[in-house]
Amino acid sequence: MTFKREQEIRIEEKNYYIIDVIELESQEYIYVQEIQNDELVENYKIYKYNKELNMMEQVKDDAQAEKLLKLFIENINKDLGEE
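A brief structural summary. Given the structure is predicted, the values throughout are model-derived calculations rather than measurements.

1. Describing unusual backbone geometry
Next, step 1: Positive phi values are uncommon outside glycine, yet Glu 12 reaches one of about 50 degrees.
Next, step 2: Here Asn 54, not a glycine, exhibits a phi torsion of approximately 50 degrees, which is positive.
Next, step 3: Its place among the elements puts Asn 54 in the loop between strand E4 (39–50) and strand E5 (55–58).

Here is the structure:
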């Protein structure tokens, strides 16, 4: 499965908007914002895509989430600087 920015996906019966996708140590991570009633809401999550099981695993470890969030911010800022 391929994920890209601005894509809408469904995880665990909820709709999400993909803010960013990064690959780290051969793992794919996606940073998402929840969609409710066709509106983006202030609920953000980070998921790791498990290719073997074809499923999403929410990142719940605070240290790992903080590290990934910094990488997402750097990636988005880099892309904004290129525009």
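Following the structure, the description resumes.
2. Some thoughts on the nonpolar core
Next, step 1: Membership of the largest hydrophobic core is limited to eleven residues, which are Phe 3, Ile 9, Ile 11, Tyr 16, Ile 18, Val 21, Ile 30, Val 32, Tyr 47, Tyr 49 and Met 56.
Next, step 2: Going through the elements one at a time, strand E1 (8–11), strand E2 (14–24), strand E3 (27–36) and E4 are the ones with two or more residues in this core.
Next, step 3: Looking at this core element by element, the count peaks at three residues for E2.
Next, step 4: Among residues more than four places away in sequence, those in contact with Val 21 are Phe 3, Lys 4, Arg 5, Glu 28, Tyr 29, Ile 30, Phe 72 and Asn 75.
Next, step 5: Counting residues in hydrophobic clusters, the runner-up holds seven residues, among them Tyr 31, Val 59, Leu 68 and Phe 72.

3. Let's talk about the environment of Asn 37
Next, step 1: Mapping Asn 37 onto the fold places it in the loop between E3 and E4.
Next, step 2: With relative accessibility at 75%, the residue Asn 37 sits in the exposed group.
Next, step 3: Along the primary structure Asn 37 and Asn 15 are separated by 22 residues, whereas in three dimensions their C-alpha atoms are 9.6 Å apart.

4. Re the environment of Asp 20
Next, step 1: In this fold, Asp 20 is placed in strand E2.
Next, step 2: In this structure Asp 20 touches Arg 5, Tyr 29, Ile 30, Tyr 31, Phe 72, Asn 75 and Ile 76, once residues within four positions along its chain are discounted.
Next, step 3: In terms of polar contacts, Asp 20 uses its side chain to reach the side chain of Asn 75, at 2.8 Å.

5. Some thoughts on the pairing of E3
Consecutive side chains of a regular strand alternate in pointing toward one face of the sheet and then the other.
Next, step 1: The element E3 is extensively covered by neighbouring structure, given that eight of its ten residues are classed as buried.
Next, step 2: Inspection of the sheet shows E3 paired to E4 by eight bridges, in the antiparallel sense. What sits directly across from Ile 35, in E4, is Leu 40.
Next, step 3: In this antiparallel pair of consecutive strands, E3 and E4, the connection spans two residues, and Asn 37 shows a positive phi of 50 degrees.

About the cut-offs
Residue positions are given per chain, counting from 1 as you read along its sequence in written order. Totals for whole chains, interfaces and linings use every residue, but because this is a predicted model, local features are given only for residues with pLDDT of at least 70 and side-chain atom pairs only at 80 or more, for both listing and counting. Remark: hydrogens and water are excluded; side-chain values derive from all non-hydrogen atoms of the structure. Helix and strand assignments follow DSSP, with helices taken as H or I runs no shorter than four residues and strands as E runs no shorter than two, numbered in order from the N terminus. The definition of a nonpolar core used throughout is a set of buried Ala, Val, Leu, Ile, Met, Phe, Trp, Tyr and Cys residues joined through side-chain atoms within 4.5 Å. When a residue's accessible area, from a 1.4 Å probe over protein chains only, is under 20% of the maximum for its type it is buried; when over 50% it is exposed; and in between it is partly exposed. Only heavy atoms enter the contact rule, under which two residues are in contact if any of them lie within 4.5 Å. In protein, a polar contact means a hydrogen-donor-capable atom and an acceptor-capable atom, both N or O and within 3.5 Å, with residues adjacent in sequence counting only if both atoms are side-chain atoms; elsewhere, any N or O pair within 3.5 Å suffices. By the convention used here, strands pair only if DSSP detects at least 2 bridges between them.

These figures come from the coordinates and say nothing about function on their own.
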